[in-house]
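Examination of the molecular architecture
Each chain, written out:
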Amino acid sequence: MHPHRKIIGLLLLVAVVLSCNNNKLKVEQPPPDEVEFIAPIGKKIAGSLLSTLKGELRSAMEKGGVEEAITICNTKALPLTDSVALNSSFHVSIKRISNKVRNSQNAPDEQEQLALDLFTELDSSGDELPEFYIQKITGETTAEYNFYKPMRMEGLCLVCHGDKQTMAPSASKLLGKFYPDDQATGYKEGDFRGLIRIKFYEPTQ
C-alpha cells in the first residue's frame, strides 16, 4: 500500500478531536487546494533549516571536533531554528520533534505525537516514509496547519547520537553535562530520527 494511503487508513478518514487546555481541537487532513499551497512552502522552509543546521555542525566539527559540535548544538540549534522561522515570509514556528528527545523543548505535544506515531508505525512496518504530512487543526475561532518532514539519522550525527558504548568519552561527558536526561542515543545511520514540524498560523474566515 502506498504510504500516503496507509496514513489515511490509519487516521485521516476520521477527524481526531483533542482536548487541549479545555479547548476542543479537531485534527484532520486538509483539502487538496490547501495541501497544494502549504506543501511547497513547508518543504522549502524545512530544507532551509536542515541546510543551516548541517552547515553549523560541519563548521563546528572542522573547528574543534565532536566536543565543539555538541557545544554548538547546545547553544545554537534552537536559536538557529527560530531564525529560520523569522526569516520566512509566512507566519510560522518551527520545531524538531522525536520520540527520543535530547532537549526537552523538542518533546511533542498531542498533535505532534499523532504524527510521530504515524511515521513510526510506517517505519516499523518497513514502508517508505512519505515526503511530508500535513495536519489541519481547527478550534472554535482558529485554523492552523502542521507540516511535517521526516528526518533520518545521517553518519555525521552518529558521533553524538550513536552507540554510547563506542562514543568518545569526551563526547559522552559533555552530553551528560548538557543533557542529563538525554534519550537520543543508540541510533544507526538511516534510522528514523523524528520530524521537522512547521506550524502555519491562519485564522478561519
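**Quick word on the side chain of asparagine 106**
- With respect to the secondary-structure elements, asparagine 106 resides in the loop between strand S3 (92–97) and helix H3 (110–124).
- For asparagine 106, the residues in contact, after removing those within four places along its chain, are Leu78, Lys95, Arg96, Ile97, Ser98 and Val101.

**Describing the pattern of salt bridges**
- One pass over the full model with this rule turns up 10 salt bridges.
- Measuring nitrogen to oxygen at the nearest pair gives 3.3 Å for the salt bridge that ties lysine 136 to glutamate 34. Here the residue lysine 136 occupies a position in strand S4 (residues 133–138), and glutamate 34 occupies one in helix H2 (residues 32–86), the gap between them amounting to 102 residues.
- Judged by relative accessible area, lysine 136 falls into the buried class, the value being 16%.
- The class for glutamate 34 is buried, based on a relative accessible area of 19%.
- Note that glutamate 144 and lysine 199 form a salt bridge whose closest N and O atoms lie 3.3 Å from each other. A residue pair is termed long-range when its members are at least 10 positions apart, and glutamate 144 in strand S5 (residues 142–152) and lysine 199 in strand S6 (residues 192–203) qualify at 55 residues.
- Assessed through its relative accessible area of 22%, glutamate 144 is described here as partly exposed.
- By sharing partners, the salt bridges in this structure join Lys95, Glu112 and Arg197 into a single network.

About the thresholds
Residues numbered from 1 in each chain as written. Predicted model: local features only at pLDDT ≥ 70, side-chain atom pairs only at ≥ 80, totals over all residues. Heavy atoms only, no water. Helix = DSSP H or I, 4+ residues; strand = E, 2+ residues; numbered from the N terminus. Contact = heavy atoms within 4.5 Å. Salt bridge = Lys/Arg side-chain N within 4 Å of Asp/Glu carboxyl O. Buried < 20%, exposed > 50% of the residue type's maximum accessible area, 1.4 Å probe, protein only.

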